[in-house]
Amino acid sequence: MKAAVLKETSPGERRVALVPDAVSRLRPAGIDVLVESGAGDGAWLSDAAYADAGASIVSAAEIYRTADVILTVTRPPSVSELRAGQAVIGMLAPLAGPEFAAALAARGVTVISLDGLPRTLSRAQPMDALTSQSNVAGYKAVLVAAGEFGRFFPLLITAAGTARPAKVLVLGTGVAGLQAIATARRLGAVVSGYDIRPTSKDEVTSLGATFVELTSVGSAAGEGGYARELTAEERQAQQEELTGHIARQDVVITTAQVPGRKPPLLVTEDAIKAMAPGSVIVDMAASALGGNVTGSVPGETSVTGNGVTIVGAENLAATVPTAASAAYSRNISAMLLHLTRDGALAIDTSDEIQAGVVIAHDGRVVHEGVASLLQPAQPQSGQPQSAQPQSAQPESAEGGPGVDGPSN
Ligand code: NAD
């Protein structure tokens, strides 16, 4: 079987789906690796490094013509070049744009999306790209904040005076948030964390940070370890109580997401106004639909009238491309090996992992959540049709946790 790596083409995307190390690990399973020339350039991985590892360096056209499986980080640049019998594996965000999966299904392309992985299965952990990329992003968010901040993070006592440590608050302490806490602690900041899932308290405190407990809003633990969406009353109570905590911080990093929903607004205009000049907010949930912070725009940094810098973080994992690619390469290799039997892909959606990640196969969208977004236009394989047509808007997406997880 030929597995091929395309050069990523999304703006700012510097990751690559496989690193050279993976080439020899795939070969025993009968997988030969083709790499588009220059695919690793953004992550400082040369064609020569891939060739030394045993990969063939080829053009994109040859990949489209000859590959059995195409490995990507995000969506491949061309749908029209893909052909029947080929498979694409990547983080393809099928709930955010189910038409993409439908278009590939119509061409007979098998679509496998790592962001649909059932993450709580322990045997799926080596394939968990959402976690590996959130880890990288959480780390980088702190460096971005430190870069914007006009003071030190650690306590420094020098002949020229004493600098007090920065106070950092992390809102949303899932994978990215916990890594942000750990990184801010390593830099010497005084760190606190808050999450609507009370179970995260032990994780926060075990990293040496203080857990912020709100009295006005209780637990909102949802399914699969994720948070549920808050009611309007809960949201308002949460925002008001958080404002007091936010006002005392030098740096706030927000990561809160609810799968398939618009990110919750945690830092309101009032909270921003209450912060001191020179404070920094990094919104890792910033998206076209809004983020955790009033006024944050993905990919943009702005300074408010009262001197608060707001960074709308966008695809932070891609800005640490070598580490992010190495981790992603292990995830996608593990997935490819899981799917391979006797040197070919063996699609079997009775397997719990495959049921989550296989989006389209045999000319049909087979993933229940994605298919329901396409109805009535797209018949769902072997499933009764839902009466309710769904839009691709995250507010109405119902594919279950993980299929369109955070893109941080
Ligand atoms: P995520 O990106 O969906 O959300 C980030 C955090 O935001 C979550 O901790 C969530 O609780 C929090 N959040 C959502 N709404 C909030 C609100 N209104 N106020 C405050 N916080 C809010 O989450 P994630 O990082 O992908 O992880 C989610 C969960 O999945 C965690 O419990 C994590 O431990 C778990 N997980 C488990 C495994 C595993 O078992 N192998 C792997 C990965 C993640």
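A short tour of the structure in this document, coming up. Please read these numbers as outputs of a predicted model, since none were measured by experiment. (Residues numbered from 1 in each chain as written. Predicted model: local features only at pLDDT ≥ 70, side-chain atom pairs only at ≥ 80, totals over all residues. Heavy atoms only, no water.)

**Overview of the pairing of strand 15 (residues 309–312)**
(1) Moving on: Side-chain alternation along strand 15 places Thr309 and Val311 on one buried face and Ile310 and Gly312 on a second face that is also buried.
(2) Moving on: Where strand 13 (residues 280–283) meets strand 15, 4 bridges bridge the pair, whose relative direction is parallel. Among the inter-strand pairings, Asp283 is bridged to a residue of strand 15, identified as Gly312.
(3) Moving on: Pairing of strand 14 (residues 301–303) with strand 15 involves 3 bridges; the strand directions are antiparallel. Paired with Thr301 across the bridge in strand 15 is Val311. (Buried < 20%, exposed > 50% of the residue type's maximum accessible area, 1.4 Å probe, protein only. Helix = DSSP H or I, 4+ residues; strand = E, 2+ residues; numbered from the N terminus. Pairing = 2+ DSSP bridges.)

**Here's the deal with the sheet that holds strand 18 (residues 358–361)**
(1) Moving on: Pairing is mixed in the open sheet, where 8 strands are placed in the order 3-2-1-4-5-6-18-19. On the outer flanks of this sheet lie strand 3 (56–58) and strand 19 (364–365), each paired with one strand and no other.
(2) Moving on: In terms of strand pairing, strand 4 (residues 69–71) meets strand 5 (residues 87–90) through 3 bridges, oriented parallel. Its bridge partner lying in strand 5, Val69 is registered against Ala87.
(3) Moving on: Strand contacts of helix 10 (residues 321–339): strand 1 (2–5), strand 4, strand 5 and strand 6 (110–113), with the helix running at about 140° to strand 5, the strand carrying the most contacts. (Contact = heavy atoms within 4.5 Å. Axes fitted to C-alpha atoms, helices over the stretch in contact; angles between N-to-C directions.)

**A short note on the site of the ligand**
(1) Moving on: Taken together, the neighbourhood of the ligand is formed by 25 residues, with Arg119, Gln125, Val175, Asp195 and Arg197 sitting nearest.
(2) Moving on: At a separation of 2.7 Å, an oxygen atom of the ligand approaches a polar side-chain atom of Arg197.
(3) Moving on: Considering the ligand on its own, with 840 Å² of exposed area, one finds that the protein chains cover 88% of that surface.
(4) Moving on: Residue composition of the shell around the ligand, grouped by class: 11 nonpolar, 10 polar and 4 charged. (Near = heavy atom within 4 Å. Polar contact = N/O pair within 3.5 Å; in protein donor to acceptor, adjacent residues only side chain to side chain. Areas by Shrake-Rupley, 256 points an atom, 1.4 Å probe, with all protein chains shown as cover. Nonpolar A, V, L, I, M, F, W, Y, C, P; charged D, E, K, R; others polar.)

**A word on the packing of helix 5 (residues 129–148) against helix 10**
A pair of packed helices can be characterised by two numbers: the angle between their axes and the separation between those axes.
(1) Moving on: Where helix 5 meets helix 10, the closest approach of the two axes is 9 Å, and the angle between their N-to-C directions is 170°. As far as their axial angle goes, helix 10 and helix 5 are roughly antiparallel. Contacts from Ala129, Ser132, Gln133 and Val136 in helix 5 reach Ala324, Ala327, Tyr328 and Asn331 in helix 10.
(2) Moving on: Its residues placed into classes, the contact of helix 5 with helix 10 shows 5 nonpolar, 3 polar and no charged. (Parallel < 35°, antiparallel > 145°, perpendicular 65-115°, else oblique.)

**So, the packing of aromatic side chains**
(1) Moving on: Following the criterion strictly, the structure yields 1 aromatic pair and no others.
(2) Moving on: Ring plane angle 75° and centroid distance 5.8 Å describe the contact between Phe149 and Phe153, whose orientation is recorded as edge-to-face. Like Phe149, the residue Phe153 is buried in the burial classification. (Phe/Tyr/Trp six-rings, centres within 6.5 Å; stacked < 30°, edge-to-face > 60°.)

**A closer look at the sheet that holds strand 11 (residues 210–211)**
Within a sheet, adjacent strands bond to each other through the backbone by hydrogen bonds, running parallel or antiparallel.
(1) Moving on: The mixed open sheet is built from 7 strands, whose spatial order is 11-10-9-12-13-15-14. Strands at the two margins of the open sheet, each flanked by one partner only, are strand 11 and strand 14.
(2) Moving on: Two strands pair when backbone bridges link them, and strand 12 (residues 251–254) and strand 13 are joined in this way by 4 bridges, in the parallel orientation. When the bridges of strand 13 are listed, Val252 appears paired with Ile281.
(3) Moving on: Lying on the sheet, helix 8 (residues 232–247) is in contact with strand 9 (167–171), strand 10 (190–194) and strand 12; it crosses strand 9 at an angle near 160°.

**Notes on a nonpolar patch on the surface**
(1) Moving on: Together, Tyr139, Leu143 and Leu187 make up an exposed nonpolar region whose accessible area comes to about 220 Å².
(2) Moving on: Secondary-structure assignment places Leu187 in the loop between helix 6 (175–186) and strand 10.
(3) Moving on: On the accessibility criterion, Leu187 (31% relative accessible area) is partly exposed. (Patch = residues over 30% accessible without salt bridge, like charges linked within 9 Å, V, L, I, M, F, W, Y side chains within 5 Å. Salt bridge = Lys/Arg side-chain N within 4 Å of Asp/Glu carboxyl O.)

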